[in-house]
Amino acid sequence: MIYRLTIWVNNEEHWRYEFFGSRADAKRRYDELVDGGKDPKLIEIDDHKPTPKNKQQILALLNEWASHSCNG
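Residues numbered from 1 in each chain as written. Predicted model: local features only at pLDDT ≥ 70, side-chain atom pairs only at ≥ 80, totals over all residues. Heavy atoms only, no water.

This paragraph deals with helix α2 (residues 55–66). Taking 1.5 Å of rise per residue, the twelve residues of α2 would be expected to cover 16 Å, and the 15 Å separating its terminal C-alpha atoms lies within 8% of that figure. Near the N-terminus of α2, the side chain that reaches the backbone nitrogen of Q56, with its oxygen 3.1 Å away, is that of N54. (Helix = DSSP H or I, 4+ residues; strand = E, 2+ residues; numbered from the N terminus. Expected span 1.5 Å × (residues − 1). Polar contact = N/O pair within 3.5 Å; in protein donor to acceptor, adjacent residues only side chain to side chain.)

Here we take up the environment of G21. Turning to its location among the elements, G21 is positioned in the loop between β2 (14–20) and α1 (23–35). Classification of G21 as exposed rests on a relative accessible area of 57%. Measuring from C-alpha to C-alpha, the distance between G21 and Y3 comes to 6.3 Å, with 18 residues separating the pair along the chain. Once residues within four sequence positions are removed from consideration, G21 is found in contact with M1 and Y3. (Buried < 20%, exposed > 50% of the residue type's maximum accessible area, 1.4 Å probe, protein only. Contact = heavy atoms within 4.5 Å.)

With that settled, the discussion passes to the sheet that holds strand β1 (residues 2–8). The strand order across the open sheet built from three strands is β2-β1-β3, with neighbouring strands paired in antiparallel fashion. Edge positions in the sheet fall to β2 and β3 (43–49), since each has one partner strand and no second. Within this sheet the neighbouring strands show an average axis-to-axis angle of 25°, counted without direction. The pairing of β1 with β2 spans six bridges and is classified as antiparallel. Bridging across to β2, L5 finds its partner in E18. The sheet contacts of α2 involve β1, β2 and β3, and relative to β3 the element is tilted by about 150°. (Pairing = 2+ DSSP bridges. Axes fitted to C-alpha atoms, helices over the stretch in contact; angles between N-to-C directions.)

Written out as structure tokens, the structure reads:
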């Protein structure tokens, strides 16, 4: 599985995503950010998907997670 950690600047502005190969790694990063002073309400492990096994699955996951309507 691939886990996506979403980090916000405030309640409305998205800062970035980080991706992890296990929930435990995502949770460790979450804890690291909170210990560093980030508000836990602005961080979430919000999605997970099966690890892609071929080019078609990789492209499908990239299209789902990396495409943004704003593109800015």
